[in-house]
Amino acid sequence: MRTAYLVLFAANFIYATSYVATRLVLDDVPPALLALLRTVVGAAILVPAAVAARRKAAPLGRGDAWRIVWMGVFGFAAAFAFGHWGIARSTATNAALLIIVEPVSIMLLGPAVLGERLTAREKTGAGLALLGTVLVVVNGIPGLTHALIPHWRGDVLLVISGLAYGSYSLIGRDVLRRRDPLDVTARSIVWGGLAMAPVAALEWAGGARPVWTAGSAAGALYLGVVITALGYLLWNWGLARADASRAAVFITVQPIVGALLGVVFLHEPLTAFTLGGGTLVVAGLWLTATGRG
């Protein structure tokens, strides 16, 4: 389990760098096109490796095949699209902090979907994490701070993205108990690309065009190779070996590292409410992750 935990930590540390990179690339590349490019690049890396390793694998059952389809539709297409639209309308710092919707959704829905039961301590932790989310979104207390939900449109999209990311793990946990993580990741990323293609086509037809520079090209490749291909593969490898609710706690790495990167590289504000909300998030998820006897 120590190895699985280290891999989960590494995956989420990698994910944490995606918010700043995405925010920078979105200045030159439309959101849906960037989402499609990430899946195409990731598939180009993972599919050949998965095909080579699939020769000894058992045939894919119909139930697992459909689960992988929905993993791709929600966990890649929807998560990327709503995440990119949200970051374009909010901040990289908020995106990093609001990703905690993902572990909270896993912990709250895990009992119904995966048969995992939450203790009173875990429920308390989930509640604290949700309270922290509210503080981050409204940037304080309405009427006492300088603005009421300053980036609410983008933040709502980021919350939807977090739910989509969470559904990927909830849908895929059982599949990963039976299938090689490389195979599951490769199959799901292909379905994500297929689901994203029509959205990117509509965006293109609407006149949105990329402006390719050395920086935007490098950023898009980084998001496709490191975040999408490597990050998802590491996460699925760890999720195949750890309970979903316990794996979810490692996502708390993202709010901390991602917010700090947004402050350092994008000069985004780090308010007392952002820090307070982030603290509640981490404390709540720590209670949840350590709440089992």
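Just so you know, these numbers come straight off a predicted model, no measurement behind them.

Following both chains from N to C, one finds helix α3 (residues 31-53) and helix α10 (residues 214-239) inclined at 60°, their axes separated by 8 Å at the closest point. Of the possible angle classes, the one that applies to α3 and α10 is oblique. Here the hand of the crossing between α3 and α10 comes out right-handed. Contacts from Leu 34, Arg 38, Val 41, Gly 42, Ile 45 and Leu 46 in α3 reach Ala 220, Leu 223, Gly 224, Val 225, Ile 227, Thr 228, Ala 229 and Leu 233 in α10. Classifying every residue of the contact of α3 with α10 by side-chain character gives 10 nonpolar, 3 polar and 1 charged.

Now for the pattern of salt bridges. On inspection of all chains with the given rule, the structure shows 6 salt bridges. Asp 27 is paired through a salt bridge with Arg 23; the nearest N and O atoms lie 3.0 Å apart. Overall, Asp 27 belongs to the exposed group, its relative accessible area being 53%. Between Asp 183 and Arg 187 there is a salt bridge; the shortest N-O distance is 3.0 Å. With Asp 183 and Arg 187 both in helix α9 (residues 181-205) and 4 residues apart, this pair spans about one turn of that helix. The exposure class of Asp 183 is buried, given its relative accessible area of 5%. Residue Arg 187 is classed as partly exposed on the basis of its relative accessible area of 22%. Each of the salt bridges in this network shares a partner with another, and the network as a whole consists of Asp 64, Arg 67 and Arg 178.

Glancing now at the nonpolar core. Formed by 61 residues in total, the largest nonpolar core has its most connected members in Tyr 19, Leu 34, Met 196, Tyr 232 and Trp 235. Setting aside residues no more than four positions away along its own chain, Tyr 232 makes contact with Tyr 15, Gly 75, Phe 76, Phe 80, Tyr 165, Tyr 168, Thr 185 and Ile 227. Formed by 5 residues, the second largest nonpolar core is a distinct cluster that contains Leu 46, Ala 50, Leu 182 and Ala 229.

Basis of the calculations
Here the residue numbers are simple positions, counted from 1 along each chain's written sequence. Whole-chain, interface and lining totals are the exception, using all residues; otherwise, since this is a predicted model, local features are given only for residues with pLDDT of at least 70 and side-chain atom pairs are given and counted only at 80 or more. Working from all heavy atoms in the structure, the side-chain values ignore hydrogens and water. Axis geometry follows a simple rule: fit a line to the C-alpha atoms, using only the stretch in contact for helices, then measure angles between N-to-C directions, giving values from 0 to 180 degrees. Numbering goes from the N terminus for both helices and strands, where a helix is a DSSP run of H or I of at least four residues and a strand is a run of E of at least two. Here roughly perpendicular refers to angles of 65 to 115 degrees, roughly parallel to angles under 35, roughly antiparallel to angles over 145, and oblique to all remaining angles. Helix crossings get a hand from a simple test, with the near helix turned counterclockwise from the far one by less than a right angle marking a left-handed crossing and a clockwise turn marking a right-handed one. Here, residues are in contact when the closest pair of their heavy atoms is within 4.5 Å. Classification used: nonpolar for Ala, Val, Leu, Ile, Met, Phe, Trp, Tyr, Cys and Pro, charged for Asp, Glu, Lys and Arg, polar for all others including Gly. We count a salt bridge whenever a side-chain nitrogen from Lys or Arg sits within 4 Å of a carboxyl oxygen from Asp or Glu. Accessible area is worked out with a 1.4 Å probe on protein chains only. A residue is then buried under 20% of its type maximum, exposed over 50%, and partly exposed in between. Residue types Ala, Val, Leu, Ile, Met, Phe, Trp, Tyr and Cys, when buried and joined through side-chain atoms within 4.5 Å, form a set referred to as a nonpolar core.

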